[in-house]
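These are the residues of each chain, in order.
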Amino acid sequence: MDYPIITMIVFWPLVGALLLQLIPRDKVNIIRWSTLLITLIGLAMGLPLLSGFKVGQTAMQFAEKAPWIPGIGISYHVGLDGISLPLFMLGLLLVVVTVLASWSIKERVREYFSLLLFLEVGMLGVFAALDFVLFYIFWELVLIPMYFIIGIWGGRNRSYAAVKFFIYTLAGSALMLVGILAIYFTSGLYTFDIVKLMEVGYNHQLATFVFLTFFIGFAVKVPMWPVHTWLPDAYVQAPTGGSIIMAGILSKMGTYAFIRVIIQVLPGEFTRFAPYIAVLAVISIVYAALTAIAQSDLKKLVAYSSVSHLGYIMLGIAAFTQVSLNGAVLQMVNHGLITGMLFLLVGYIYERTQTNEISELGGLSVKIPILGGMFVFAALASLGLPGLSGFVGEILILLGSYSTYGLYTIIAVFGLALTAFYLIRANQYAIFGVPPATMGEFRDVNGREFISILPLILLIVAVGVYPKPFLQYIDPAVNIVLQMIRG
Amino acid sequence: MNYYLALIVLLPVLSFITLLIFGKRMGEKSSYVSIAAVLAGFALSIKALLYVMDGGHAKIAFTWLSIGNFDVTFGLLLDELTAVMLVVVTLVSALVQIFSIGYMHGDKRIGWFFASLSMFTASMLLLVLSPNFIQMYIAWEGVGLFSYLLIGFWFEKKSASDAAKKAFLVTRVGDLGFVIGLILLYVTAGTLDMDKVFAMQFAPVVAGTISILIFFGAIGKSAQFPLHVWLPDAMEGPTPVSALIHAATMVAAGVFLVARAYPLFEQSPAAMQFVAVIGTITAFMAATIALTITDIKRVLAYSTVSQLGYMMMGLGVGAYAAGMFHLFTHAFFKALLFLSAGSVIHAVHSQEIFDMGGLGRKMKITAITFTIGGLALAGFPFLSGFWSKDEILLGAYQSGHMAIFWIGLLTALLTAFYIFRVVFIVFLGKPRGHHSEHVQESPAVMSVPLIIFGALALSAGLIGSPLTGNAFQSFLTGGHGAEHHPDYMVMGLSGAVALLGIFAAWLRYGTRLLPANIISKDNLIYKLLVNKYYVDEFYYKYLVKPTHAIAQFAYTFDQRVIDGIVNGVAWITVRFGIGLKRIQTGYVQGYALYMLVGLIILIIWSCRVLGLQ
């Protein structure tokens, strides 16, 4: 590329947010359509990344590097590899979906969409940043808009959820900052450059301490058991758009950072602590699945299922084989698509029925057959139905993890049965059966809603039916990660 | 050939996509698309069969995914085993779909019905053509999915959506074993391509462990003991679905899986023994339950469970070709029985056999076809089921599995009895219930498929019988070692028990020679059978309820303990903050002092930590 493509894509939404301020706040429709246009342009700008990406090349691609505060080794350094590119693209896509899902936002529309665009800058930045300071800034940039989105447009219990989300994740990222500073001062390089640090690997005697700071920061973000309890509150109270972004992208920031920072910068500590990470991952899988079974609220059920599914990704990362890591990265994308779709549908259903209580739902396949059918589809994708994308990621994780953690892998397989248990029950009680007499009449999916769901369905099927083209991007990058550590 | 092979699978997929989009608008016309696709598939399958009979094999292969040196090769594989399955699947599917035109007439979701049948057929074809275990597993779950959706086709009915859920979850439990088996296979063999795996030699323990784990998948899908509980409930689905999916094809997929993975199973005598024992238990247990059932479809369901047990028994005792032969004949006579039962249900609007009676005079074609199906199932001499069941018993006998042989023979007696119990109650005697008095024969679109299946149930067994030199078996095994001299003792015994069973049923239900209360309702064995050995109750009490209890505990723990700690920390912090307020005097000098103190502490601490004394 002969132009700074990543910078342009990352900061384009910021320009868009500024442009949005030119529109009078009461022209709600213009604001919506403009935001949609802005995010679509962002997505379109990202397409050359896919075609221009050189599969198999070892270095970071589309890299841009410029001194920022050279005196203390801070540079503006961005770039993508086969691990971050899929997540970067996922972010671009899910923001478009979120805008379409946010048509129902009626109050302070301009503020909402502006915050969403700020959020986009942060998420894209995290996946592209190759300098710790930059990484940290983007990481924090995500936090603030999300706090407001939950706190202002959320459900009944929104302020509790927003504050909990904010403090919890802020505490996590404050620790991360301590870790970043410790690396800076003790690595001997006096640099914040992630690529440079990756090349040497950080092995100072403080490494364990640094590992813990990062580990806690990322584990909160993912989240892993036992630092997950902000999640059900935040996911459930957030407006649909917020839930999609949190489950789809924000959780991937955590899992992505595990690979980029913990594996690649702290390989020694990762190797030491991987068995413990695997234990937490398996606990997350089983514990969250069990908790999901006990839910009577559809949105909460999806929230806990998200924690459970993230456990598989963490298991794949901790197992650290080529197959399991490929599976984990692919599953990050799948999780974004599938959990995003579930939250989207839960939101659309809520807009009609005004309830998420499973006991007050039922018979949605009679009332709204297309939306109901789509929910069944998403639930099946989520439980890893072969032929859909979730299966490919899951089976690769399981095949790849067994040689490292046999017993944990077997337990994770049993988690699949629990997953089927709660999702099939959700199908039965919310979608099948007879609608309760109190339920009104609703319109089935409208054009906007349909368009918002369609790309997710198509991608879920495409990855599930033929994963090779997708893994082509991921595998070489995973190979590099493996080689760096095994020498 | 490759081109035709791809077309066989793709045609029903195209039909599915078409009907998914236009099915609602097309309504009843949906059936034309779906039936055209499967009939074309049938014609091509015949072509494929002839091609294989000429000694041809075909394979399409492409790389599905590739990670490092781990390649997963998908594609389509045509050999003797798949050629037979292709013909069975497309033929039964075509006839069942034609029957459905009449049976499903007027249903408001008929477009979706035919779309699902199309995609089911495509998945089943993909399954039998799989050259790789992952592809097979994908198709395996695909057929399971459409089974789930079609059992719950009338999802407004709670019993139907309950049954769908149960089918999905119970088979999923079996699939856990399947998945673990595949993981172990991958770890030991480094590949999941069948031709590579089957060319390898494993230690018997390894081969046995993997085989038995894979067999768990078959236990779920083929409704073997102890995961048989979903199949009788699955009868909540429309009857054509029961005929196609839950009698002829999908439930036989487990048998097919064992047959396909036979080179692996054969490396472990223990695994073979396991298959044989599970099959025998299943065959016997299901036949005993079928004795007391009064719902016509559920009798057939237990009968299917029992017959699938026979097939497993055959495979397990080493009679590979006999097991597959029974799959072949069973597909026709059981589909015939189900569709005939459907024809009866269509007319009587009930599934209770004691609501029926005397239907023989009013529904002549149905009565004849059901009876033919019953005779074939009972193993009445020279009908299709006779030849194939005899081959399995012979296999058990010749391999020295005497206990299995005798239980198999006893089960054959029970089989003849329970099916003719139904025949005599439904078609003889006086009408019971008001619907039975004015019933009519079903329309031609339903009776023609019945007649074709009837012809097949009569004659399909001949191609595997000694009369044709066991042509079926020698085709399947590539010509070696399958032809054998008939054993007239075994043949005579199996024919005799069939006749004996039918005669006993006639004594009891066809005449009034035996009193109705010959078995007391308080009899322990009767209670055990009527309650289906309490297997469902066992699962509910020891599996479902504890899961819910643990789940509830996990959630309470999450709320009270884990989140409690989080909120507790927050509360303490707030308290602490209120305390700290006192030192917030508002004087800038004060803050500066705090900062200075803090900074000094931090520097000292950092130096310590960094070892910079």
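1. Considerations on the overall build of chain B
The number of helices and strands found in chain B is 25 helices and two strands. Seen along its three principal axes, the alpha-carbon backbone of chain B occupies a region of about 110 × 60 × 55 Å. Within chain B, buried positions represent 59% of all 613 residues. Long-range pairs, those at least 24 residues apart, make up 80% of the contacts in chain B with a sequence separation of at least 6. Summed over its atoms, the accessible surface of chain B is roughly 24200 Å², and 69% of this surface lies on carbon and sulfur atoms. Separation between the mean location of the 37 positive side-chain charges and that of the 29 negative ones in chain B comes to 11 Å.

2. Some details on the overall build of chain A
A count of helical and extended segments in chain A gives 19 helices and two strands. A total of 487 residues make up chain A; the buried ones form 69% of that total. Here the analysis covers contacts within chain A between residues at least 6 apart in sequence; of these, 81% occur between residues at least 24 apart. With an accessible surface of roughly 15100 Å², chain A has 67% of that area assigned to carbon and sulfur atoms. Separation between the mean location of the 25 positive side-chain charges and that of the 22 negative ones in chain A comes to 3 Å.

3. As for the packing of aromatic side chains
Residues and elements named next belong to chain B. Across all of its chains, the model carries 66 aromatic pairs over all chains by this definition. Where Trp 140 meets Phe 178, the ring centres are 5.2 Å apart and the plane angle is 85°; that geometry is what we call edge-to-face. Of this pair, Trp 140 sits in helix H5 (residues 133-151) while Phe 178 sits in helix H6 (residues 158-189), and the two are 38 residues apart along the sequence. Both residues of the pair, Trp 140 and Phe 178, belong to the buried class. Measuring from ring centre to ring centre gives 5.2 Å for Phe 328 and Phe 332, while their planes differ by 80°; the resulting arrangement is edge-to-face. With a gap of four residues between them, Phe 328 and Phe 332 both fall in helix H15 (residues 320-348), about one helical turn apart.

4. A closer look at the interface of chain A and chain B
In this assembly, 62 residues from chain A lie in contact with 50 residues from chain B. Both faces combined, the contact of chain A with chain B buries some 4900 Å², and carbon together with sulfur accounts for 75% of it. Between Asp 563 of chain B and Lys 164 of chain A there is a salt bridge, with its nearest N and O atoms 2.6 Å apart. Linking chain A to chain B there are 16 residue pairs in polar contact (both at pLDDT 80 or more). Tallied by class, the residues present in the side of chain A that touches chain B amount to 41 nonpolar, 15 polar and six charged.

5. Regarding the side chain of Gln 135 of chain B
Residue and element names in this part refer to chain B. Checked against the element boundaries, Gln 135 lands in helix H5. Of note is the side chain of Gln 135, whose polar atom sits 2.9 Å from the backbone nitrogen of Gly 75. Excluding anything up to four places from it in sequence, Gln 135 contacts Phe 74, Gly 75, Leu 76, Leu 126 and Ser 130.

6. Describing helix H12 (residues 298-319) of chain A
All names here are of chain A. For H12, built from 22 residues, the straight-helix expectation of 32 Å at 1.5 Å per residue is met to within 8% by its first-to-last C-alpha distance of 32 Å. Most of H12 sits out of view: 22 of its 22 residues are buried. Capping the start of H12, Asp 297 holds a side-chain oxygen 2.8 Å from the backbone nitrogen of Lys 299, two or three residues further along. Just beyond H12, the residue with positive phi is Phe 320, at close to 55°.

7. Overview of helix H14 (residues 296-316) of chain B
All names here are of chain B. An ideal rise of 1.5 Å per residue puts 30 Å on 21 residues; H14 measures up with 30 Å between its terminal C-alpha atoms. The opening residue of H14 is Asp 295, an N-cap whose side-chain oxygen sits 2.9 Å from the backbone nitrogen of Lys 297. Just downstream of H14 lies Gly 318, where phi reads positive at about 95°.

8. Notes on the pattern of salt bridges
Following the criterion strictly, the structure yields 19 salt bridges over all chains and no others. When the shortest N-O distance is used, the salt bridge between Arg 260 of chain A and Asp 81 of chain A registers 2.5 Å. Taken together, the residues span a long stretch of sequence, with Arg 260 of chain A in helix H10 (residues 240-265) and Asp 81 of chain A in the loop between strand E2 (74-80) and helix H3 (84-101) at a distance of 179 residues. Since its relative accessible area comes to 1%, Arg 260 of chain A is described here as buried. Classification of Asp 81 of chain A by relative accessible area gives buried; the value is 9%. Notably, a salt bridge pairs Arg 352 of chain A with Glu 449 of chain A, separated by 2.7 Å at the nearest N-O pair. Taken as a pair, Arg 352 of chain A in helix H13 (residues 322-353) and Glu 449 of chain A in helix H18 (residues 447-465) lie far apart in primary sequence, 97 residues in all. For the pair Arg 352 of chain A and Glu 449 of chain A, one class covers both residues: buried. Each member of the salt-bridge network shares a partner with another, and the members are Lys 166, Asp 233, Arg 298 and Asp 536 of chain B.

9. Looking at the pairing of strand E1 (residues 61-69) of chain A
It is a general feature of regular strands that their side chains alternate between the two faces of the sheet. Relative to E2 of chain A, E1 of chain A runs antiparallel, the two being bridged by six bridges. Bridging from a neighbouring strand, Ala 66 of chain A pairs with Tyr 76 of chain A of E2 of chain A.

10. Observations regarding the environment of Gly 111 of chain B
Residues and elements named next belong to chain B. Position of Gly 111 among the secondary structure elements: in helix H4 (residues 110-128). Sequence separation between Gly 111 and Ala 43 is 68 residues; the distance between their C-alpha atoms is 24 Å. Residues in contact with Gly 111, not counting those within four places in the same chain, are Leu 19, Gly 23, Gly 27 and Ser 30.

11. Points about the nonpolar core
By size, the foremost hydrophobic cluster in this structure holds 413 residues, and its most contacted members are Phe 132, Phe 135 and Phe 214 of chain A. Looking at this core, the element that brings in the most residues is H15 of chain B, giving 18 residues. Excluding residues within four positions of it along the chain, Phe 132 of chain A makes contact with Ile 180, Ile 183, Phe 192, Ile 194, Leu 197, Phe 214, Val 261 and Val 265 of chain A. Of all hydrophobic cores here, the second largest spans 17 residues; its members include Tyr 310, Val 317, Leu 394 and Leu 409 of chain B.

12. Brief notes about the packing of helix H5 (residues 132-153) of chain A against helix H6 (residues 158-186) of chain A
Residues and elements named next belong to chain A. At a closest axis distance of 9 Å, the pairing of H5 and H6 adopts a crossing angle of 175°. On the basis of their axis angle, the class for H5 and H6 is roughly antiparallel. Class assignment of the residues belonging to the contact of H5 with H6 gives a composition of 20 nonpolar, three polar and two charged.

13. Examining the packing of H10 of chain A against H12 of chain A
Residues and elements named next belong to chain A. It is the contact of H10 with H12, at a shortest axis distance of 11 Å, that shows an interaxial angle of 15°. Comparing their axes, H12 and H10 come out roughly parallel. In this structure, H10 meets H12 at a crossing whose hand is right-handed. Only Lys 299, Ser 306, Leu 310, Ile 313, Met 314 and Ile 317 of H12 make contact with H10, whose side of the interface consists of Thr 240, Ser 243, Ala 247, Ser 251, Thr 255, Phe 258, Ile 259 and Ile 263. Partitioned by chemical class, the residues of the contact of H10 with H12 number eight nonpolar, five polar and one charged.

14. Brief notes about the confidence of the model for chain B
Of the residues in chain B, 91% have a pLDDT of 70 or more, and the chain-wide mean is 87. We note a pTM of 0.90 for the whole complex and an ipTM of 0.90 for its interfaces.

15. Here we look at the environment of Ala 199 of chain B
Residues and elements named next belong to chain B. Mapped onto the elements, Ala 199 comes out in the loop between helix H7 (194-198) and helix H8 (204-221). A relative accessible area of 65% means that Ala 199 is categorised as exposed. Sequence separation between Ala 199 and Val 229 is 30 residues, and the spatial gap between their C-alpha atoms is 36 Å.

16. Looking at unusual backbone geometry
In this chain, Trp 225 of chain A is followed by Pro 226 of chain A through a cis amide linkage whose omega measures 0°. As for its placement among the helices and strands, Pro 226 of chain A is situated in the loop between helix H8 (207-221) and helix H9 (230-237). In this model, Tyr 190 of chain A sits at a positive phi of 45°, which is unusual for a non-glycine residue. Topologically, Tyr 190 of chain A is positioned in the loop between H6 and helix H7 (194-200). We classify Tyr 190 of chain A as partly exposed; its relative accessible area is 44%. If you check the backbone angles, Tyr 533 of chain B has positive phi at about 60° while not being a glycine. One can find Tyr 533 of chain B in the loop between helix H23 (524-530) and helix H24 (535-581).

About the thresholds
Residues numbered from 1 in each chain as written. Chains lettered and ligands numbered in written order. Predicted model: local features only at pLDDT ≥ 70, side-chain atom pairs only at ≥ 80, totals over all residues. Heavy atoms only, no water. Helix = DSSP H or I, 4+ residues; strand = E, 2+ residues; numbered from the N terminus. Buried < 20%, exposed > 50% of the residue type's maximum accessible area, 1.4 Å probe, protein only. Contact = heavy atoms within 4.5 Å. Areas by Shrake-Rupley, 256 points an atom, 1.4 Å probe, with all protein chains shown as cover. Lys, Arg positive; Asp, Glu negative; His and termini not counted. Charge placed at Lys NZ, Arg CZ, Asp CG, Glu CD. Phe/Tyr/Trp six-rings, centres within 6.5 Å; stacked < 30°, edge-to-face > 60°. Buried area = accessible area lost by both parts, 1.4 Å probe. Salt bridge = Lys/Arg side-chain N within 4 Å of Asp/Glu carboxyl O. Polar contact = N/O pair within 3.5 Å; in protein donor to acceptor, adjacent residues only side chain to side chain. Nonpolar A, V, L, I, M, F, W, Y, C, P; charged D, E, K, R; others polar. Expected span 1.5 Å × (residues − 1). Pairing = 2+ DSSP bridges. Core = buried A, V, L, I, M, F, W, Y, C linked by side-chain atoms within 4.5 Å. Axes fitted to C-alpha atoms, helices over the stretch in contact; angles between N-to-C directions. Parallel < 35°, antiparallel > 145°, perpendicular 65-115°, else oblique. Left-handed = near helix turned anticlockwise from the far one by under 90°. pLDDT = per-residue confidence, 0-100.

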